[in-house]
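# Notes for the structure review
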Amino acid sequence: MSSGSSHGAGGREALAGFVAARLGKAPVRPAPARPEPKPALAQAQSFDSLPAYKELKLQRSAADLIGLGNPFFRVHDAKAGATTRIDGRDFTNFSSYDYLGLNGHPEVNAAAQTALAEYGTSASASRIVAGERPGHLVLEKALAAHYGTEACVVMVSGHATNVATIAALLEPGDVIYHDALIHNSVVTGAQLSGAQRRSFAHNDLQALESLLHATRHEHRRALIVIEGLYSMDGDAPDLAGVVALKERYGAWLMVDDAHGLGVLGKDGHGLHEHCDVPAGSVDIWMGTLSKTLSSCGGYVAGAGALVELLKCTAGGFVYSVGLSPPLAAAATASLALMRREPERVARLRRNGALFLSAARERGLDTGTSLGLAVVPVILGDSLKAVTLSDRLFKRGINVQPIIHPAVPERSSRLRFFITSEHTPEQIRETVTALADELDELNQGGSLVERLMSRRA
């Protein structure tokens with residue numbers, strides 16, 4: 001057998017193994033033999049020997065074998081928005097969080113440029129020692145006013161904001177109840193805190209109440225964490241119902257409204273407006289500056305005592321540099337624009353509703369999406385999701401596949417982020433292309449066999 005055919009056979013075996021594993025059908029392998037004892041001063045292994053790295057390489061090899069381009073880490077030569085440019089080619093873009101089209105807005109740019117001229121690019125130190133700048137305080141005051149809270153603190157990372165906040169508030173002996181689809185940052189913060197972590201079925205208030213009834217008495221402090229708009233599914237919880245449970249069982253309630261601000265509610269004020277519940281019913285409002293507010297970082301709004309505690313004890317704030325002054329100014333300007341121009345939110349809602357209705361008319365599975373800014377098209381197969389993303393890319397549409405382990409294999413999908421700046425024509429053309437390509441993929445035979453035959 002020639003070296004080329006040998007490589008092809010090995011590649012086919014790798015692809016078959018990859019697909020089988022993704023479908024949960026991988027054969028049971030015998031346990032590896034116990035390794036021989038190592039010398040006390042053994043050399044450190046190279047990073048490419050790590051199992052996770054080997055898995056990455058296997059996936060990439062399988063994709064290369066069947067001619068699929070890598071949909072991740074593409075370099076964009078334009079600002080994030082409804083359109084983008086990759087390798088000199090223009091695309092309709094559904095992989096941007098710029099929900100209200102504020103990224104690059106003249107007022108936002110001007111605010112950032114003024115801060116840049118006055119304070120430079122960096123706060124240069126932790127705010128607690130030498131990094132405080134007026135723009136931080138202006139942004140925090142504006143966010144606190146938005147939620148009607150006593151205070152607010154901004155940090156340099158949305159992920160770190162959740163991790164640092166939860167780790168600072170909870171400890172062993174406490175308990176955290178969270179939605180099963182909660183963001184990784186909440187899980188990481190819960191693990192770091194040492195508190196017990198209990199998850200309940202997605203948006204299932206009965207499941208949450210059962211957990212509270214059975215276990216709340218076993219712990220001192222309790223925290224319930226939910227999201228405003230769930231970024232994988234595009235749905236929202238029943239805030240009034242969760243508030244009633246947190247009051248009945250003596251728990252704090254934290255809402256991660258990262259994708260809700262600018263999207264939920266008639267004027268985009270967030271989950272509380274969407275559910276017509278007073279914002280003060282929630283103990284901790286968390287959000288990010290990188291979505292609607294077209295900046296970077298995270299924030300927590302709540303009681304003065306909460307914010308003071310976080311500013312003095314949360315590792316992600318105390319031991320991290322302060323938010324870049326231009327980024328703080330950009331977020332402040334974006335928040336002001338959002339509140340001043342509610343027509344942006346109305347346009348976003350129309351676009352989301354159009355995408356959702358068009359997709360459903362073509363028989364696409366959009367799950368539980370509300371059609372507000374996030375619409376998944378669930379395919380149930382990682383290989384199909386990557387293949388469909390690749391086909392759409394070739395047709396000038398940029399959308400990312402979400403595959404295992406980010407979601408269960410049966411929930412693999414394409415995830416579309418809708419913005420106020422997409423045109424109805426872009427939306428209709430995208431749904432038509434999506435449905436047509438999926439129909440072709442679904443016609444006859446195994447997807448794997450057909451892709452492999454094209455490469456033979």
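Here goes a summary of the coordinates provided. Fair warning: this is a prediction, and the values are worked out from it, not measured in the lab.

Reading the values: rules and limits
Residues numbered from 1 in each chain as written. Predicted model: local features only at pLDDT ≥ 70, side-chain atom pairs only at ≥ 80, totals over all residues. Heavy atoms only, no water. Phe/Tyr/Trp six-rings, centres within 6.5 Å; stacked < 30°, edge-to-face > 60°. Helix = DSSP H or I, 4+ residues; strand = E, 2+ residues; numbered from the N terminus. Buried < 20%, exposed > 50% of the residue type's maximum accessible area, 1.4 Å probe, protein only. Core = buried A, V, L, I, M, F, W, Y, C linked by side-chain atoms within 4.5 Å. Domains from an automatic or database assignment. Pairing = 2+ DSSP bridges. Axes fitted to C-alpha atoms, helices over the stretch in contact; angles between N-to-C directions. Contact = heavy atoms within 4.5 Å. Parallel < 35°, antiparallel > 145°, perpendicular 65-115°, else oblique. Left-handed = near helix turned anticlockwise from the far one by under 90°. Nonpolar A, V, L, I, M, F, W, Y, C, P; charged D, E, K, R; others polar.

## Description of the packing of aromatic side chains
- One pass over the full model with this rule turns up 9 aromatic pairs.
- Here Phe 94 and Phe 416 contribute two aromatic rings whose centre-to-centre distance is 5.4 Å and whose plane-to-plane angle is 70°, an arrangement assigned as edge-to-face. Residue Phe 94 is found in the loop between strand 2 (89-93) and helix 3 (106-119), and its partner Phe 416 is found in strand 13 (residues 413-417); the two are separated by 322 residues along the sequence.
- Phe 416 sits in the buried class, given a relative accessible area of 0%.
- The structure contains a cluster of three or more aromatic residues connected by ring pairs, namely Phe 94, Phe 355 and Phe 416.

## What about the nonpolar core?
- Residues Ile 226, Leu 239 and Phe 416 are the most contacted members of the largest nonpolar core, which totals 106 residues.
- Counting the residues that make up this core, at least three belong to each of domain 1 (76-100 + 342-454) and domain 2 (106-340).

## Topic: the sheet that holds strand 5 (residues 196-200)
- A sheet is described by the order of its strands in space; here 7 strands give the open sequence 3-9-8-7-6-4-5, paired in mixed fashion. At either margin of the open sheet sits one strand with a lone partner, and together these are strand 3 (151-155) and strand 5. On average, each strand axis in the sheet is inclined to that of its neighbour by 20°, with strand direction left out of account.
- Where strand 4 (residues 175-179) meets strand 6 (residues 222-227), 4 bridges bridge the pair, whose relative direction is parallel. Looking at the pairing, Val 175 lines up with Ala 222 of strand 6.
- Each of strand 4, strand 5 and strand 6 touches helix 8 (residues 205-215); the most contacted strand, strand 5, lies at about 150° to it.

## Structural notes on the packing of helix 3 against helix 13 (residues 325-340)
- It is at 8 Å that the axes of helix 3 and helix 13 come closest, and there the two elements cross at 155°. Put simply, helix 3 runs roughly antiparallel to helix 13. Regarding helix 3 and helix 13, the two cross each other, and that crossing is right-handed. Contacts between helix 3 and helix 13 pair Glu 107, Val 108, Ala 111, Ala 112, Ala 115, Leu 116 and Tyr 119 from the former with Pro 325, Pro 326, Ala 329, Ala 330, Ala 333, Ser 334, Leu 337 and Arg 340 from the latter.
- Among the residues forming the contact of helix 3 with helix 13, the class breakdown is 12 nonpolar, 1 polar and 2 charged.

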